[in-house]
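These are the residues of each chain, in order.
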Amino acid sequence: RQLFDVPEGEREVINVDLLRFRVADKTFALFLSDVVEVLRMVKFVPLPKAPPDIYGVINCRGMMIPLLNPGLLLGQEVAPALTANLIVVFAGGQHIALMVDSVEGVATVQQSDLKLDLQGQSDHQTLPRHFSGYIRTGSENIFLLDVEQLLDLEDRKTLNIALRVRDEWGQG
């Protein structure tokens, strides 16, 4: 049966798991299905020629993963800190580690509560492309980060060049 043919009381409730995290003083979320793992902050190697939102790379079980500063993407100031958490996601064919201030945990919400069209949001004009929607909890909007939009094509090209330059210098 089509959803619109089902009476309101008989509609199946579909739950979605989100990983909530904080950057500076704001709460954001990712679809839990996009998350590979959560780590404590580890040593990273800077990439001088990388885009400004990429701090460098981390070595995670022998795999070099770009370390992204989502603060720049989200309009929040974040500095590398030993107390930070890393959220590793898989997007655009590669692993990316997001440095966040803290991970608040998993929240299960009803899919019908997700607002995946930002056109009606009052600050839509100021939101970066990195959001796929939001969920309202009390008086707060928690914006959903779209992992496929974390690195645009130009960022990926610049990152690949920076990684090659680093390898050629023998620092890998």
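Residues numbered from 1 in each chain as written. Predicted model: local features only at pLDDT ≥ 70, side-chain atom pairs only at ≥ 80, totals over all residues. Heavy atoms only, no water.

J.: Can you help me understand the overall build of the protein in this one?
T.: Regarding its fold elements, the protein presents two helices and 12 strands. In the protein, the order of α-helices and β-strands from amino to carboxyl end is β-β-β-β-β-β-α-β-β-β-β-β-β-α. Relative to its full complement of 172 residues, the protein shows a buried share of 42%. Residue pairs in contact within the protein that sit at least 24 positions apart in sequence constitute 56% of those at least 6 positions apart. Taken as a whole, the protein presents about 9800 Å² of accessible surface, with 50% of it coming from carbon and sulfur. (Helix = DSSP H or I, 4+ residues; strand = E, 2+ residues; numbered from the N terminus. Buried < 20%, exposed > 50% of the residue type's maximum accessible area, 1.4 Å probe, protein only. Contact = heavy atoms within 4.5 Å. Areas by Shrake-Rupley, 256 points an atom, 1.4 Å probe, with all protein chains shown as cover.)

J.: I'm lost on the packing of aromatic side chains in this one. Help?
T.: What describes a pair of aromatic rings is the distance from one ring centre to the other and the angle between the planes of the rings. Tallying each qualifying case throughout the model produces three aromatic pairs. The interplanar angle of 50° and the centroid separation of 5.9 Å between the aromatic rings of Tyr 134 and Phe 143 together place this pair among those described as tilted. One exposure class covers both Tyr 134 and Phe 143, and it is buried. (Phe/Tyr/Trp six-rings, centres within 6.5 Å; stacked < 30°, edge-to-face > 60°.)

J.: Just to check I follow, could you spell out the sheet that holds strand β7 (residues 85-91) for this structure?
T.: Strand pairing in a sheet relies on backbone hydrogen bonds, with the paired strands running either antiparallel or parallel. One open sheet accounts for six strands, arranged β3-β7-β8-β6-β5-β4; its pairing is mixed. This sheet does not close on itself; its edge strands, each paired only once, are β3 (35-40) and β4 (45-46). As judged from the five bridges shared by β3 and β7, these two strands associate in the antiparallel manner. By the bridge assignment, Val 35 is partnered in β7 with Val 89. (Pairing = 2+ DSSP bridges.)

J.: Is there a simple way to think about the sheet that holds strand β9 (residues 102-110) in this case?
T.: Strand order in this open sheet of six strands is β9-β1-β2-β12-β11-β10, and the pairing throughout is mixed. The sheet is open, and its two edges are formed by β9 and β10 (114-115), each paired on a single side. Across eight bridges, the pairing between strand β1 (residues 15-23) and β9 is antiparallel. The residue of β9 that forms the bridge with Arg 22 is Ser 102.

J.: What's the story with the side chain of Asn 85 in this structure? I'm lost.
T.: Counting through the fold element by element, Asn 85 comes out in strand β7. On the basis of relative accessibility, which here comes to 18%, the residue Asn 85 falls in the buried class. For Asn 85, the side chain forms a polar contact with the main-chain nitrogen of Val 103, separated by 3.5 Å. The residues contacting Asn 85, other than those within four sequence positions of it, are Leu 39, Arg 40, Leu 98, Met 99, Val 100, Asp 101, Ser 102 and Val 103. (Polar contact = N/O pair within 3.5 Å; in protein donor to acceptor, adjacent residues only side chain to side chain.)

J.: Even after reading the chapter, I still don't get the nonpolar core, so can you show me in this structure?
T.: Nonpolar side chains in soluble globular proteins generally cluster together in the buried interior. Membership of the largest hydrophobic core comes to 24 residues, with the highest contact counts inside it found for Phe 21, Leu 30, Ile 87, Val 89, Ile 96, Leu 98 and Leu 150. Among all residues touching Ile 87, those that are not within four sequence positions of it are Leu 19, Phe 21, Leu 30, Val 35, Glu 37, Val 38, Ile 96, Ala 97, Leu 98, Val 100 and Val 103. (Core = buried A, V, L, I, M, F, W, Y, C linked by side-chain atoms within 4.5 Å.)

J.: Can you walk me through the environment of Leu 67 in this structure?
T.: With respect to the element layout, Leu 67 can be found in strand β6 (residues 63-68). A residue is classified by how much of its surface remains accessible, and Leu 67, at 0% relative accessible area, is buried. With 21 residues separating them in the primary sequence, Leu 67 and Pro 46 have C-alpha atoms 9.1 Å apart. Contacts of Leu 67, omitting those with residues within four sequence positions, involve Met 41, Phe 44, Asp 53, Ile 54, Tyr 55, Gly 56, Val 57, Ile 58, Leu 86, Ala 97 and Met 99.

J.: Sorry, what's going on with the pairing of β1 here?
T.: Looking along a regular strand, one sees the side chains alternate between the two faces of the sheet. Both β1 and strand β2 (residues 26-31) contribute to a ladder of six bridges, which runs antiparallel. Of the residues in β2, the one forming a bridge with Arg 22 is Thr 27. Connecting the antiparallel pair β1 and β2 is a turn made up of two residues, with Ala 24 showing a positive phi of about 55°.

J.: So what exactly am I meant to see when it comes to the environment of Val 45 here?
T.: Locating Val 45 in the fold gives a position in strand β4. For Val 45, a relative accessible area of 30% gives the class partly exposed. In this structure the C-alpha to C-alpha distance between Val 45 and Tyr 55, which are 10 residues apart in sequence, comes to 7.9 Å.

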